[in-house]
Amino acid sequence: MRLVAVVATVAIVLAACGSSKSNGSGNSGGATTTKAPKIVDGGTLTVGAEQEPDCFDWIDACGGSSWGSWMGQYQTVPRAFDPIPQGGGVLKNEPGVLLTGMPTFSATPVETITYHINPKAVWSDGVPITCDDFKYTADQIANGANIYDRTGYTDIAKVDCTDESSPVVTYKPGTAFSGWQALFAGGTGVLPSHILQGKDRDALMKNGYDWSGGPWIAKWTKGDNITLTPNTKYWGDQPHLAKVVFKFEADTAAEFQAFKSNQVQAIYPQPQIDVVDAIGSGIANANTATNANTAYVEALWLNNGKAPFDDEKVREALGYAIDRDAVVKQLFGKLGVDHAVNSINPFAIEDYSDQDAFAGYHLDLSKVNDLMTGDGWAKQGGIWTKNGQKAEFTLSTTSGNKRRQLTAQVVQSELQTAGFTMHINLRDAGDLFGEDLPKGNYQASLYASGLTALTPGLCSQFCSKNIPGPANQNSGQNWTRTNVKELDTQLEIVDTNPDAAAEKAAGKKGDEIMATNAVTFPLDPLPDILIWSKKVVGPVQDNSILGMFWNINEWGCAGGVC
């Protein structure tokens, strides 16, 4: 799992809306196709985009924006695998059009994956996509500077290009990567070696590029829009639309106004309070869909390395001091989402998790009292105090997000009743995700994390080896500073054991250990919300990893006019 910041964001992964089995909410996570007898070619579709990316170098640390990936990366960078919606929010990894079919996989004597490239696959300049592109991409991720996420690439021994149409990836003896289908998939894709080899990749990509191995060519006009035009060399389904313009509309109210006045014909807004209210009231001439079975989890992340949350009993008490279901119902009840999620693993990988792991934590002030008094705390002036130290902390979250501000205020009120003092610190997303969290300069935080590929595993976020520090050049994503040896063991199994049954068992056990140690508290599934004009036709369908626009090359405008 890669951490992504939903909303205005940064380097961790996240973003969307729906209903899940676990919370029993209803939604339309399945197909939402707007049928048309025939989708005619032509027309310009304008989309309201909530976030401008920081850069177009998708494997660099600056490339963590979900919106950036939805608008630019997934439209131009070819991928070996895609997570494909199966209905009800369920996703399944399937080989992309880059390949002729499922790669050949062998776990012995060393893990080996042999890909078979579609002979029709070419870059937008007509140069064939070959093994050299796989080899170049793997080398850049494993050995390049300032890489966003090296998971799965650092133990690759070699990429054999004896046959340019069949890259053979071999792992080092004694190593393995159970999530091998994430290689060259959504988080990274395959980059053009004939354009980038021997040059400064970041310099050539970060401000935009004119090459493509996907259905579209993307042009980034900073501060205004990203415009897609068809890649005429694309060997898959050619786009119906003549142009797609992602117009930056950072303000939700302005975004809605633009939609109502038909300045934009589709939006994928964050689940803000006013958006939920608008959905509930109905939107004229629009189709809407929500999906709570997402690839994201919004949580209260606790810094296990800093007081008061370096005390496990205090963390447990916090879990009984908050009515998480009530918080979620207040946020998303109008969408039918009224129960908290109970795993840090999102629904999309439910088979590798215990979705009920945190269910035992619910509002129970008697348990708060037992845990705190048993740990030597006593109330003074209604606040728990121990050795002159009050049970007081600051919750940091992103500024400009009304939903998160409301969440923080509700939690603050509940905690005050339970004897805790919580302050709220609203931070610019860049400062929170770029400075505060990696450096551990926080006590608790509210944000969401999510998947960039359909691959289980929380080791990158909870294994002790990934606590940022000198040993890993401050690059780890274990920002909660979780350090539980038995959890390390289980999460390492998820990452490295190719036996799916063992992986699933370890994932479930890992969830139970996280709950027992109260390392942090999951809150909601951050439902995805899709809104599009009835003038838009085609298979509009949520993909909680690749976003609403993952198949926009199959969309069209009724009669050719949106």
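Structure shown above.
Residues numbered from 1 in each chain as written. Predicted model: local features only at pLDDT ≥ 70, side-chain atom pairs only at ≥ 80, totals over all residues. Heavy atoms only, no water.

A.B. asks: Could you clarify how one ought to interpret the nonpolar core in this entry?
C.D. replies: A general trend in soluble globular proteins is that nonpolar side chains are found buried together. Membership of the largest hydrophobic core comes to 81 residues, with the highest contact counts inside it found for Phe-184 and Phe-246. A per-element tally of this core places helix α2 (residues 131-143) first, with six residues. Not counting residues within four places of it along the chain, the set of residues in contact with Phe-184 comprises Pro-78, Arg-79, Ala-80, Phe-81, Tyr-115, Phe-134, Thr-137, Ala-138, Tyr-153, Val-169, Gly-189 and Val-190. Phe-309, Ala-340, Tyr-442 and Ile-531 belong to the second largest nonpolar core, which has 76 residues in total. (Core = buried A, V, L, I, M, F, W, Y, C linked by side-chain atoms within 4.5 Å. Buried < 20%, exposed > 50% of the residue type's maximum accessible area, 1.4 Å probe, protein only. Helix = DSSP H or I, 4+ residues; strand = E, 2+ residues; numbered from the N terminus. Contact = heavy atoms within 4.5 Å.)

A.B. asks: It is not clear to me how the packing of helix α7 (residues 312-321) against helix α9 (residues 365-374) should be interpreted in this structure. Could you clarify?
C.D. replies: When two helices pack together, their arrangement is given by the angle between their axes and by how far apart the axes lie. Across the interface, α7 lies against α9 with an axial gap of 8 Å and an inter-helix angle of 170°. With respect to their mutual orientation, α7 and α9 come out roughly antiparallel. Every pair of crossing elements has a handedness; the one defined by α7 and α9 is left-handed. From α7, Lys-313, Val-314, Glu-316, Ala-317, Tyr-320 and Ala-321 reach across to α9, where they touch Leu-365, Lys-367, Val-368, Leu-371 and Met-372. (Axes fitted to C-alpha atoms, helices over the stretch in contact; angles between N-to-C directions. Parallel < 35°, antiparallel > 145°, perpendicular 65-115°, else oblique. Left-handed = near helix turned anticlockwise from the far one by under 90°.)

A.B. asks: What is the right way to look at α9 in this model?
C.D. replies: Structural remark: α-helix, 3.6 residues per turn; residues separated by three or four positions point the same way. Taken together, the buried positions of α9 are occupied by Val-368, Leu-371 and Met-372. All buried residues of α9 project into a common sector of 95° when viewed along the axis, lining one side. Opposite the packed face of α9, turned more than 90 degrees from it, sit the exposed residues Asp-370 and Gly-374. Elements in contact with the buried residues of α9: α7, β15 (383-386) and α10 (402-418). (Arc of directions from axis to C-beta.)

A.B. asks: Just to check I follow, could you spell out the sheet that holds strand β5 (residues 112-114) for this structure?
C.D. replies: Hydrogen bonds between backbone atoms are what pair the strands of a sheet, whose relative direction is either parallel or antiparallel. Pairing is antiparallel across the open sheet formed by four strands, whose spatial order is β4-β5-β7-β6. Each end of this open sheet is capped by a strand with a single partner; those strands are β4 (104-106) and β6 (156-160). Across the sheet, the mean angle separating the axes of adjacent strands is 10° when strand polarity is ignored. One ladder, built from three bridges, connects β5 with strand β7 (residues 168-171); its direction is antiparallel. Each residue of the ladder has a partner; that of Ile-113, found in β7, is Val-169. (Pairing = 2+ DSSP bridges.)

A.B. asks: Which parts of the structure should I look at to understand the side chain of Asn-543?
C.D. replies: Note that Asn-543 resides in the loop between β22 (536-537) and β23 (556-557). Overall, the relative accessible area of 0% leaves Asn-543 in the buried class. Within the structure, Asn-543 has its side chain in polar contact with the backbone nitrogen of Leu-546 (distance 3.0 Å). Apart from residues lying up to four places away in sequence, Asn-543 is in contact with Pro-83, Pro-85, Leu-91, Tyr-268 and Trp-550. (Polar contact = N/O pair within 3.5 Å; in protein donor to acceptor, adjacent residues only side chain to side chain.)

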